[in-house]
Amino acid sequence: AAQLEDTISRQKYITAYTGGSVLLPCACTDLNIKPKTLIWKELNTWKEIFSESDRYRNRVQLVNDHSSGNLSLLISHLTEEDAGDYRCEVDGGGSRDIRLTVEGCSLTDRGQTLYITAHRGGSVLLPCSCTELRAKPETFTWNRYNQNRKGYERILIGSGQYRNRVQLFNDHSPGNLSLLISHMTEEDGGVYMCDGVKSGYTDIRLTVEEPPVPLPFIPYALVTVIILHIIVAVVYCRTKGCSLTDSGKLLTITAHRGGSVLLPCSCTELRAKPGTFTWKRYNQNSKGYERIPIESDQYRNRVQLVNDHSPGNLSLLISHLTEEDGGDYMCDGVKNGYTYIRLTVEEPPVPLPFVPYALVTVIILHIIVAVVYCRTKGCTLEDQQQVKEITAYTGGSVLLPCYCTDLNIKPKTLIWKELNTWKEIFSESDRYRNRVQLVNDHSPGNLSLLISHLTEEDAGDYRCTVDGGGSRDISLTVKGCSLTDRGETLSITAHRGGSVLLPCSCTELRAKPETFTWRRYNQNRKGFERISSESGRYRNRVQLVNDHSPGNLSLLVSHLTEEDGGDYQCDGVKSGYTYFRLTVEGNTLICTPSLPPSQSELFIYAAVGGLLLLMVLTGIICWRYRARRRRPVESCESKSEGRRDQETQ
């Protein structure tokens with residue numbers, strides 16, 4: 001029979017995050033044995049888990065890993081409601097219990113308003129993230145306040161105003177919800193809201209200003225720029241959209257078997273791109289033109305579009321030519337016209353011996369390329385004469401801005417350097433692995449660099465350099481965490497059965513220490529030991545209270561016992577440490593000062609007092625009445641007794 005590993009005597013504790021996945025482990029001691037029956041239960045409701053149920057549909061699956069005895073369960077798209085106790089049961093083999101904790105997303109600057117200033121034509125990053133970057137909110141939207149309708153409206157990335165200008169920037173972290181907006185205009189200014197629904201919201205007030213006036217160049221450069229702008233303006237004014245160069249014509253091209261051929265097709269204005277565009281080939285069997293299927297067996301890995309960084313270049317490159325590739329082709333721009341090309345594939349000619357004319361041809365070609373290159377305007381960086389100063393915080397992210405004056409121009413070479421060491425920055429290096437990436441936001445001329453998970457060592461000077469376009473220097477200051485009561489010992493008194501907050505925070509609450517631990521002094525081992533929320537002693541009794549601030553490291557201990565008294569240490573390693581001496585006393589009678597009575601209490605007291613006074617008056621009246629009645633009775637009795645005495649005499 002199948003026997004489970006780590007049965008009910010040992011409970012497994014697992015922590016996962018909303019939006020992610022978790023594997024609940026369960027396996028037989030012999031992985032080659034498959035149990036007859038297997039049941040996964042949720043102990044909170046004692047219901048079996050099925051992939052067909054409404055709650056778990058398309059979210060759970062068994063992961064047998066090609067082993068019959070591997071019974072592990074994978075749950076994806078986690079929510080906070082998935083937290084709880086689970087049990088894996090097999091027939092005659094016992095059961096395995098697992099306690100799952102699912103940590104959700106809470107926005108860092110929840111309920112706050114951030115103020116950001118950007119420049120027209122540039123880019124801006126609207127920061128928004130969960131305090132736990134591994135957690136993802138269940139629902140999340142970016143909204144903008146509409147002055148006309150007096151309310152927030154959702155930002156649609158594919159809408160007309162924001163098309164190809166906005167993108168979410170998660171920085172490889174599910175909890176990073178930041179929004180990047182490029183090609184800024186004055187209309188982009190206003191109030192934005194990062195709405196995480198259950199996770200809270202953050203308001204951002206964005207102001208878009210005119211970019212700073214660049215320093216003037218020498219007169220010759222100014223004259224050259226003016227002439228180039230006039231030429232570009234004349235050409236642009238005479239150009240209307242994309243119109244194919246050889247529209248309606250038939251071009252004849254001859255190529256050789258085994259080689260490559262370029263079927264030319266382009267717009268008269270290379271910066272214009274047609275709305276729709278297709279390459280087709282004439283089919284002799286169906287007597288009509290058919291679209292060229294790039295992924296078919298005939299053309300797979302042999303055809304590609306060669307746009308040469310120009311949207312209006314629609315040329316098609318076919319490599320490894322065969323005789324079957326010969327035929328009629330059509331570059332179909334629909335509304336923009338069409339061009340026919342008749343391709344003939346021949347056997348390759350016998351190569352001629354090298355002659356001096358080839359050398360002359362190469363020299364002439366080099367001269368032409370050099371002249372064209374010298375007359376072509378490349379990428380010129382903005383704000384070259386200024387050093388941009390930026391301040392960020394440890395544990396966070398920072399965007400180092402760098403872009404060409406024309407965002408449609410892409411430089412041939414781009415180098416980001418750290419000037420402290422004069423080393424180039426690569427995402428594959430040990431220092432920056434999985435921490436840096438270029439943010440081109442669909443604009444070739446946007447060369448900005450994003451650095452995440454910042455440390456104090458990242459502070460320094462950086463340079464963005466392009467070929468022939470100058471360089472841009474940026475001075476980055478990274479503020480780290482220094483504990484508020486660094487090196488001091490704080491004495492705290494609490495009561496048994498209650499809770500206590502051990503305060504520990506950075507002087508700058510937006511900074512997060514690189515490493516951080518809570519420890520307690522062990523009298524037996526004569527040293528500090530790490531406090532784990534998963535240990536038996538502190539399970540479900542301790543938690544970090546960051547108050548939505550990365551630099552708040554305070555520890556909350558609840559359900560206190562006298563054994564919790566002792567010395568604690570908030571250890572931030574490089575950020576310093578703080579000692580706490582906690583004294584836990586027994587329950588004491590707490591006398592609270594009397595408070596002035598409310599109006600309702602005054603009414604009750606007056607009613608009770610009046611009732612007592614009425615009862616006293618009633619008693620006095622009754623007593624006096626009874627006293628008066630007794631007097632005539634006594635006189636009558638005295639008179640009758642006198643008569644009796646006289647008769648007796």
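Residues numbered from 1 in each chain as written. Predicted model: local features only at pLDDT ≥ 70, side-chain atom pairs only at ≥ 80, totals over all residues. Heavy atoms only, no water.

**Student:** Honestly, the overall build of the chain in this entry has me stumped. Any pointers?
**Tutor:** Each helix and strand counted, the chain has three helices and 40 strands in total. Counting only residues that meet the buried cut, the chain has 34% of its 649 residues in that class. Partitioning the contacts of the chain with sequence separation of at least 6, the portion at a separation of at least 24 is 67%. (Helix = DSSP H or I, 4+ residues; strand = E, 2+ residues; numbered from the N terminus. Buried < 20%, exposed > 50% of the residue type's maximum accessible area, 1.4 Å probe, protein only. Contact = heavy atoms within 4.5 Å.)

**Student:** When you look at the pattern of salt bridges in this model, what are you seeing that I'm missing?
**Tutor:** Any two side chains of opposite charge can pair, so long as their charged atoms come close to each other. Counted according to the given criterion, the structure contains 31 salt bridges. Ionic pairing is found between D458 and R435, a salt bridge with its closest N-O pair at 2.9 Å. Here D458, found in the loop between β30 (448–451) and β31 (460–466), pairs with R435, found in the loop between β28 (423–424) and β29 (436–439); they are 23 residues apart in sequence, far enough to count as distant. For the pair D458 and R435, one class covers both residues: buried. In this structure, D567 engages R581 in a salt bridge whose closest nitrogen and oxygen atoms are separated by 2.9 Å. (Salt bridge = Lys/Arg side-chain N within 4 Å of Asp/Glu carboxyl O.)

**Student:** Sorry, what's going on with the sheet that holds strand β36 (residues 527–530) here?
**Tutor:** Strands belonging to one sheet form pairs held by backbone hydrogen bonds; the direction of such a pair is parallel or antiparallel. Here five strands make up an open sheet; going across it, the order is β33-β40-β39-β35-β36 and the pairing mixed. Sheet topology places β33 (489–495) and β36 at the edges, where each strand pairs with a single neighbour. Pairwise comparison of adjacent strand axes, ignoring direction, gives a mean angle of 30 degrees for this sheet. Relative to strand β40 (residues 577–585), strand β39 (residues 566–571) runs antiparallel, the two being bridged by six bridges. Residue D571 lies in a different strand from β40, and its bridge partner there is Y577. (Pairing = 2+ DSSP bridges. Axes fitted to C-alpha atoms, helices over the stretch in contact; angles between N-to-C directions.)

**Student:** I tried to follow a nonpolar patch on the surface on my own but got confused; where do I start?
**Tutor:** A cluster of nonpolar side chains, L602, F603, I604, Y605, V608, L611, L612, L614 and M615, forms an exposed patch at the surface whose accessible area comes to about 990 Å². Mapped onto the fold, L611 is located in helix α3 (residues 599–648). (Patch = residues over 30% accessible without salt bridge, like charges linked within 9 Å, V, L, I, M, F, W, Y side chains within 5 Å. Areas by Shrake-Rupley, 256 points an atom, 1.4 Å probe, with all protein chains shown as cover.)

**Student:** Sorry, what's going on with the packing of aromatic side chains here?
**Tutor:** Within a pair of aromatic rings, the relevant descriptors are the distance that separates the centres and the angle that separates the planes. In this structure the tally under the stated criterion is eight aromatic pairs. Between the aromatic rings of Y282 and Y289, the centroid separation amounts to 5.3 Å while the plane-to-plane angle is 70 degrees, which identifies the pairing as edge-to-face. You can call Y289 partly exposed: its relative accessible area is 30%. Ring centres of Y338 and Y340 lie 5.2 Å apart, and the angle between their planes is 70 degrees; on these two criteria the pair is classed as edge-to-face. A residue is classified by how much of its surface remains accessible, and Y338, at 36% relative accessible area, is partly exposed. Grouped by ring-pair contacts, the aromatic residues Y282, Y289, Y338 and Y340 constitute a single cluster. (Phe/Tyr/Trp six-rings, centres within 6.5 Å; stacked < 30°, edge-to-face > 60°.)

**Student:** How do you make sense of unusual backbone geometry when you look at a structure like this?
**Tutor:** Where the residue is not glycine, phi is negative for most of them; where a peptide bond is considered, it is trans in most cases. Although it is not a glycine, V197 adopts a positive phi angle of roughly 55 degrees. Position of V197 relative to the elements: it lies in the loop between β15 (190–195) and β16 (201–209).

**Student:** Before we go on, may I ask you to explain the environment of D97 in this structure?
**Tutor:** Structurally, the position occupied by D97 is in strand β8 (residues 94–103). Each C-alpha atom, one on D97 and one on Q11, is 5.3 Å from the other, the two residues being 86 residues apart in sequence. At a separation of 2.7 Å, a polar atom in the side chain of D97 contacts the side chain of R87. (Polar contact = N/O pair within 3.5 Å; in protein donor to acceptor, adjacent residues only side chain to side chain.)

**Student:** Explain the nonpolar core to me, please; I cannot follow it from the model alone.
**Tutor:** V124, L126, W142, I181, Y192 and L206 are the most contacted members of the largest nonpolar core, which totals 24 residues. For this core, the secondary structure elements donating two or more residues are β9 (113–119), β10 (124–126), β14 (178–181), β15 and β16. (Core = buried A, V, L, I, M, F, W, Y, C linked by side-chain atoms within 4.5 Å.)

**Student:** Honestly, the sheet that holds strand β23 (residues 327–332) in this entry has me stumped. Any pointers?
**Tutor:** Taken together, the five strands give an open sheet; going across it, the order is β17-β24-β23-β19-β20, and neighbouring strands pair in mixed fashion. Lying at the two open borders of the sheet, with one neighbouring strand each, are β17 (250–256) and β20 (288–291). Between one strand and the next, the sheet's axes are offset by a mean angle of 30 degrees, whatever the strand orientation. Looking at chain direction, β23 and strand β24 (residues 338–346) are connected through six bridges and run antiparallel. Counted as the bridge partner of G327 is L343 from β24.

**Student:** Quick question: what am I supposed to make of the side chain of T517 here?
**Tutor:** With respect to the helices and strands, the residue T517 is situated in strand β35 (residues 517–522). Classification of T517 by relative accessible area gives buried; the value is 12%. Among all residues touching T517, those that are not within four sequence positions of it are R530, Q569, C570 and D571.

**Student:** How should the pairing of β23 be read in this particular structure?
**Tutor:** Each regular strand carries side chains that alternate between the two faces of the sheet. Across the six residues of β23, five count as buried, placing the element largely inside the fold. As paired elements, strand β19 (residues 278–283) and β23 share four bridges and run antiparallel to each other. Opposite T278, over in β23, you have D332 as the bridge partner. Taking the residues between adjacent antiparallel strands as the criterion, β23 and β24 are bridged by five residues, where V334 takes a positive phi near 55 degrees.

**Student:** Sorry if this is basic, but what is going on with the state of the cysteines here?
**Tutor:** Here a disulfide denotes one covalent bond, and it connects the sulfur atoms of two cysteines. Scanning the model with the defined rule gives eight disulfides in all. One disulfide in the model links C105 with C130; its S-S distance is 1.9 Å. Here the S-S torsion is close to -85 degrees, and the disulfide linking C105 with C130 is therefore left-handed. Here C105, found in the loop between β8 and β9, pairs with C130, found in the loop between β10 and β11 (141–146); they are 25 residues apart in sequence, far enough to count as distant. Take C105 and C130: they sit in the same class, and that class is buried. Cysteine C28 shares no disulfide, and the gap to the nearest cysteine sulfur, in C26, comes to 7.1 Å. (Disulfide = S-S within 2.5 Å.)

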